[in-house]
Each structure stands twice: as C-alpha cells, then as structure tokens.
Amino acid sequence: MLRQVRGALKSVVAASVSLLLVLAFAAWGVPEMRQFVQRAPLTVGRVAFSAQTIQAEYNRQLNQRRQQAGGKLSNEEALAAGLPDQVIDSIITRSALEQEALKMGLAAPTKMVRDYLQSIDQFKNPVTGKFDEGTLRNILANNNLSATQFESLIKEDLLRSQLIDSIAAGPSVAKPFTNALILREIERRKVGYLTITADMAGKPAEPTPDVLDAYYKAHEQAFMAPEYRTFTVFEVKTADFAKDFAAPEDELRKLYEANKERLYQTPEKRTLYQFNYADEASAQAAADALRKGEAAEKIAADKHMALTEATFPDITKDAVLDKSVAEAAFSDSLPAGGIAGPINGIFGFTVVKVVSVTPAETKSFDEVKGDLAKQYTAQDSKKEVFSTVEKVESERDTGAPLAKAAAAAGLTPAKYGPVDSGSLTPGGAIASDIPADVLAQAFKMQEGDESDAIALANDAGYFYVQVDEVRAPKLRPFDEVASLVQSRWRAEEQKNRVAETVKRIIDAIHGGKTLADEAATFNRAALEITLSRNTSDPSFSPELIDKTYLANKGDVVSGPAGPSGAQTIVEIREIGFARNEIGPGQVDAFSRYIGDTYNQEILEAYVASLRKEYRAKENKAAFAQIFNEQQ
C-alpha cells in the first residue's frame, strides 16, 4: 500500500505548494456531488467523478508527458506505461484529502490566497521583483483559466496543503533516540552457551494406543478435514481476444523506442569494497595500502569489521547513497581492481575498491518484439473484454442470475471442486488448474453467492465466481490419521523432554552450578561466542538472539536453536560495543534522515487511512472506454 500511496503523492503531496501543482489541477475540474443514484465511473466517498472529468485529467497528463518526450508519446505507449492507473490513483488521493479537510472545518481565506500569489516567483515582474498582475493574466490565458477558476483551484490546493503540512512537517528525531539506534547496532554480547539436542534429553517414550487415542481427542482441531467448496467460474480473458488483432511492426518500433531506456536497458552494476574514515589521513593510508597490494580483508580487520560488512555486491550507481562516492566508483576510468579515494563525502572520507564490473545491457528490438506485440494487441483485446463485461452487467441489471447473464455474453462456465483453500481435493490431489485469485475469492463468499467482475492477476482480464456448495470442516476418523497422530505426539514428547532438560540445567545454575559443570555431565564443553544482532549461527535462532539482547549481564536464558527442536542455554557474560565509525556531523545527518523518514511514513499511513475511509468505487469497464478512446 505504501508504494501505491507514494505514487499518488508524487504529483499531489509535497512539502510546499508550487505553481505547477496548482495549474495541474486546472483540468481536473469540479467533481459532481451525487447521492449514488447514477453510475459514475469513479466515486470517492460521497463525491462522484464523471467520464468527462476523468477524460480531461487523463488528456492533461498525456499531453504533459508528450511535451516531456518531445511530442513522441502515443496513447498506446501511455497505456502500456500505466498512465490510467496513475490518473485514477491521483484523483482518489486528492479527493480523499480535500473531503477530510472540509470535514475538519479547514478553510483558505482570501488573504491566504493573496499572500500565496505574492510569494510565487513566476508571478513577479523580473525587473521590479514584485507581484505583477499582467504576468499572472498571461499565465492564466496560456492555461485557459479565468481568475475565478484559478482562485478556486488555489483555495482547494491550500486546503489540502494545510492538512498535509500538519502531518508531514515534523522535526528531526531527538539525539538520544538516534544515539540509541546507533548503540543498538554496535552493541556486542559475549556469551557462554550449551545446545541441548533430543539425544541429550533422555530416551524417548513409546506411546500406547490409549495414549494416542487421548492425544487425538485432546487435539481434534489438528486432525480436522478442511472446508471444501464447489464453485462455477466465468472468465473473460484478454488472451482469448488477442488472436483477432494484428500488430504493425512500425508501431511496435515506436513503442520500443519510447520505452527502451525504462524497460529494456539494464544499468551497469559493480561489486565494491567501501571503507569510511573520519579523517583524510587514515583514508589515504588505507588507499595507499590497497594500491600496494594489501588485501581488502586486512583493511577491514584493521577497522574491526568483517569484509562482508564493507562489501556492496552488484550495486548500481544510483543505489550508492553518497553521490561523490558513486561518481568516483563508477568512473569509466576505474576498471575492476581499481582503487578510488580518499573521497570527501557525506560519511567522511571514503576509499573504494572495485571488485567486479557487470556492463550495462540493452535488449534489441527483435528480442522484445514478441512482448511488444502482446502489449499492442492487448489494448484492442481489452476493449473487447470490457465490452463483454458490460454485456454481463447489463443482463444482471435486469435481474438475471449470473449463469444466465454470462451465457448471454457468450461465456463458458468452468466447474471446480470440491477443493479446500489450498487447492487440494478430498483425496489429497492438487487441483492445479484453478487460478490462485479465483480460488481465494471463492473462499471469501457464502454458499449461493455470485461475485461482481473481479480483475485477474497481471491484468489478464476478469472473472466471476458462483459458489455452488460449501462442505463444513469435520473431524477425520482416527484410523485415517493414525500415522499423523503418532508423528505429532512424538514431536511434542521430544519438545517436552528437551524443555525439561533445559529447565533442570537452568535451575542447577541458579542453585550454584556453572554452565561448564552442567555441560560436563553430557561430556561436552560450554562454548563461548560474541554475538551481534545480525549473527547467523545454527545454535542461535533470531528469537533467541532477541531474548539474549533483552537480558542483563549474568542472566541465563534459553530458546530454540533451529528447526531441529534443539534448544540453546545462554549465559550473558559481557556487554560491550564495537567501534563506532560514524562522526558527529554524520550523526546529525542520520538524525534528520530518521526524522524525515518517520514523518514521511506517518504521512503515507495517514493518506492510506483516508483512502480507506473515503473508499473508492471504480467502474473498470468505463475506465477502459475512457482511456482507450483517447488520441
């Protein structure tokens, strides 16, 4: 959801209001207020948007992108790039924000509008530097806006901005919080430990028939046959119509050129060793040592770190946070094996060694021609899909049941079931021909329910589901699950034996014994290790590492060692910290970064909640007609 919100926010939610943003709303128009008595293509909360409004917004954004592309962007290319979804998404976000602002009683008085206009550089006379009404009139004329329309747009934008700024304009986080995050990452714990396996926990017991019968009755939920469902599906697939359309090669080449950089070019990747230093002299010494043949492992060891901590595998240039480092590390004059630095960047002085280089690649037209043809024909196919869906809906509007409406539109039913939610039949076979999204929808409905049109995954079309029968879960007979009962009983018996052994050892340690004493009773030695939060060791599960870091020095804790059922007993012996390589200035930058990230996540979560509250109802068939008819 956050990625979706980010996409919507990119063009409509910003830290400050800009002239371009205000003008962007010009083609959006004023939405029509309805009481849901008409079938509008899009409704957000109690606000409905007509086809003309959506069409105008789509045309505006399409023309804007054409200008950016030098007039070479076709409607087909825009559709393939997902512009319709972006248009609908932005309208939903803007409407939800505006409705919430009005609900809260926010307002944009005339003085606020006037002050805003006075502050925009585009409205100022370049000679006097003051607000110039003539300049404003020229801009409005170029955008086909009257003064009244423009004032209304500014008020709406300022209204939304009040809401956005109140959420997003938080301060940087407090330094103690930043320091705590840094300390958390560099904290190290030296522990003694002993792993208790099943063979150390005594001889396993053998279950009697009475014991297994009692276990079966006490754990009936584990031995239930699942719910099974039988359902009918009507699919309207884009692929079923694709054979009726052709894709001219000249159009495919235009589509290829328009999307080559975005879709068919893979940027250069490099694997780097990167070492940061607080002072230039230390960085220079490391760079000189590397150039003389010193192993990178030795440089890392001198910094009290593993080489893996300094390794950035297969990274692209734009993924390197420090742009100064990126420019140096990805220089054409720096081959594999080359050393760059010291580089004065945002994290101090950096030294980089290039381990390997994977050149950039570009797929040729012939390589992607088949995919392009599918994209091209998909647009005509989608029109047919939506036309078919409209036929079904028109029939259902007359009161016809789904099966009759689907038959009238020429759809063929497909029967599935009985199957469970995992696509298994009562005999245990896999019903592999059921699409996952169809199966999931069938298990959301009640017996006798008929669904609306639902989008298939990967934009493959739509489907309808009719649930014919629901068989409730029931307990399987003991004879049918006897082997499973015994297997689960043995696993639980082993778990209990290990847990009892661990408890006995911990009680003995609390009574004065040492971990070494208890390990000796198994002819084993207590081991010692220094843990970090990222330690990967088969004797320490993530759950156990978390428990170890919550304990105090001298405490003894235990937890799972891994999937085998073993448990590890841990004695916390020392608590310390590794060397902190982050300088004071970088700590401040890190604090601001954490604060910005925190504020952005709050804003995104807030917008997501508004979108959920002002739930959008979308008519996909109407959207297809709107977007596919544009030129």
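Our subject is the structure listed above.
Along each chain, numbering runs from 1 in the same order as the chain's sequence is written. Per-residue local features of the predicted model are confined to residues with pLDDT of at least 70, and side-chain atom pairs are confined, for both listing and counting, to 80 or more; whole-chain, interface and lining totals are unaffected and use all residues. Side-chain measures were taken over the full set of non-hydrogen atoms in the model, leaving aside hydrogen atoms and water.

By definition, two strands form a pair when at least two bridges between them are found by DSSP. What counts as a helix is a DSSP run of H or I of at least four residues, what counts as a strand is a run of E of at least two, and both are numbered from the N terminus. Pairing in this open sheet of 4 strands is antiparallel, and the strands run β9-β8-β11-β10 from one edge to the other. Each having just a single partner strand, β9 (311-316) and β10 (339-345) make up the two edges of the open sheet. In this sheet, adjacent strand axes meet at a mean angle of 35° when their direction is disregarded. With 9 bridges joining them, strand β8 (residues 269-277) and strand β11 (residues 348-358) adopt antiparallel strand pairing. Its bridge partner lying in β11, leucine 272 is registered against valine 354. We call two residues in contact whenever any of their non-hydrogen atoms come within 4.5 Å of each other. Fitted lines through C-alpha atoms serve as axes, helices being fitted only where they are in contact, and the angles separating the N-to-C directions of these axes extend from 0 to 180 degrees. Where helix α13 (residues 280-291) meets the sheet, it contacts β8, β10 and β11, and its direction lies at approximately 170° from that of β10.

Our next topic: the packing of helix α10 (residues 209-218) against helix α19 (residues 478-510). The geometry of α10 relative to α19 is characterised by a closest axis approach of 9 Å and an angle of 95° between their N-to-C directions. Here α10 lies roughly perpendicular to α19, going by the angle between them. Counted together, Val211, Leu212, Asp213, Tyr215 and Tyr216 of α10 and Phe478, Val481, Val485, Gln486, Arg488, Trp489 and Glu492 of α19 form the full contact between these two elements. Each residue is assigned to one class: nonpolar for Ala, Val, Leu, Ile, Met, Phe, Trp, Tyr, Cys and Pro, charged for Asp, Glu, Lys and Arg, and polar for all the others, Gly among them. In terms of residue class, the contact of α10 with α19 is built from 8 nonpolar, 1 polar and 3 charged. Should an angle fall under 35 degrees it is taken as roughly parallel, and over 145 as roughly antiparallel, whereas 65 to 115 is taken as roughly perpendicular and any remaining angle as oblique.

To pair, rings of Phe, Tyr and Trp, with the six-membered ring standing in for Trp, must have centres within 6.5 Å; the planes then decide the type, stacked if under 30 degrees apart, edge-to-face if over 60, and tilted in the middle. Under the defined criterion, the tally for this structure stands at 7 aromatic pairs. Centroid distance tyrosine 193 to phenylalanine 540: 4.9 Å. Interplanar angle 65°. Geometry classified as edge-to-face. Separated by 347 residues along the polypeptide, tyrosine 193 in strand β4 (residues 187-196) and phenylalanine 540 in the loop between β17 (527-531) and α21 (542-550) bring together distant segments of the chain. On the basis of relative accessible area, tyrosine 193 is assigned to the buried category, the value being 9%. Think of it in three bands: with a 1.4 Å probe and only protein chains considered, a residue is buried below 20% of the maximum accessible area for its type, exposed above 50%, and partly exposed in between. A relative accessible area of 4% means that phenylalanine 540 is categorised as buried.

Strand order across the open sheet formed by 4 strands is β13-β6-β15-β14, with antiparallel pairing between neighbours. With one partner strand each, in any of the chains shown, β13 (413-419) and β14 (454-455) form the two edges of the open sheet. Two strands pair when backbone bridges link them, and β14 and strand β15 (residues 461-471) are joined in this way by 2 bridges, in the antiparallel orientation. Each bridged residue has a counterpart across the sheet, and for isoleucine 454 the counterpart in β15 is phenylalanine 463.

We now examine unusual backbone geometry. Phi is mostly negative for residues that are not glycine, and the peptide bonds are mostly trans. Following glycine 341, the chain continues into proline 342 via a peptide bond in cis, with omega recorded as 0°. Structurally, proline 342 is set in strand β10. Looking along the chain, the bond that leaves glycine 417 and enters proline 418 is cis, with omega of 0°. Topologically, proline 418 is positioned in strand β13. Non-glycine residue histidine 304 carries a positive phi angle of around 60°. Its place among the elements puts histidine 304 in the loop between α14 (296-302) and β9. At serine 423, a position not held by glycine, the phi torsion is positive, near 75°.

What follows is about the pattern of salt bridges. We define a salt bridge as a contact between a side-chain nitrogen of Lys or Arg and a carboxyl oxygen of Asp or Glu at a distance within 4 Å. One pass over the structure, following the stated rule, counts 23 salt bridges. A salt bridge links lysine 237 to glutamate 235, with the nearest nitrogen and oxygen atoms 3.8 Å apart. On the accessibility criterion, lysine 237 (32% relative accessible area) is partly exposed. Glutamate 235 sits in the partly exposed class, given a relative accessible area of 23%. A salt bridge links arginine 396 to glutamate 450, with the shortest nitrogen-to-oxygen separation between them at 3.8 Å. Of this pair, arginine 396 sits in helix α16 (residues 365-397) while glutamate 450 sits in the loop between α18 (436-442) and β14, placing them 54 residues apart in sequence. Through salt bridges that share partners, Glu100, Lys103 and Glu613 make up one connected network.

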